[in-house]
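So the chains spell out like this:
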Amino acid sequence: MGSMKLSFVTLGVLLLLLLAGHGGTETSAIDLRTFIGCAVREFTFLAKKPGCKALRITTDACWGRCETWERPLLEPPYIESYHRVCTYNETKLVTVMLPKCAPGVDPFYTYPVAIRCDCDFCSTATTECETA
């Protein structure tokens, strides 16, 4: 039941973000210091590859804070935990050509663009999961 409630909360937050962005208002009007949930947000990074010049790329990525908790149990495993991360739910791949590549160096660089993001388990197939 808690999982379904979290899903409805997440969907509600995403709907609010979509409605806020619909009237020409940018979603950056949301106070990111207090935002709880997971959303698509603009992100800029340097695409680099040995033998090519770097290229500044602005794309959409996932950003947010998701519910996480642990509580003690009297029997093994002694801890019940619920950990979610803000991660990609749907992406598309975009390929660009890096500038001034050395002869014989493949100039193409492919990166994911977030279409939809959700609070979910961390999957090492799509995300760099920290296990400190």
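Residues numbered from 1 in each chain as written. Predicted model: local features only at pLDDT ≥ 70, side-chain atom pairs only at ≥ 80, totals over all residues. Heavy atoms only, no water.

- An unreviewed UniProt entry annotates the chain as Glycoprotein hormone beta-5 originating from Callipepla squamata.
- Under the UniProt heading Sequence similarities (unreviewed entry), the note attached to the chain is "Belongs to the glycoprotein hormones subunit beta family." (UniProt positions renumbered as here; feature names shortened; annotations may be inferred.)

### Re the side chain of Thr-59
Right, so step 1: Along the chain, the position of Thr-59 falls in strand E2 (residues 55–65).
Right, so step 2: Under the relative-accessibility criterion, Thr-59 is labelled buried at 7%.
Right, so step 3: Once you skip the residues sitting within four places of it in the chain, Thr-59 turns out to touch Arg-41, Glu-42, Phe-43, Phe-45, Tyr-111, Pro-112 and Val-113. (Helix = DSSP H or I, 4+ residues; strand = E, 2+ residues; numbered from the N terminus. Buried < 20%, exposed > 50% of the residue type's maximum accessible area, 1.4 Å probe, protein only. Contact = heavy atoms within 4.5 Å.)

### A look at the environment of Gly-104
Right, so step 1: Along the chain, the position of Gly-104 falls in the loop between strand E5 (85–97) and strand E6 (108–120).
Right, so step 2: Overall, Gly-104 belongs to the exposed group, its relative accessible area being 85%.
Right, so step 3: As a C-alpha pair, Gly-104 and Gly-51 span 53 residues in sequence and 9.0 Å in three-dimensional space.

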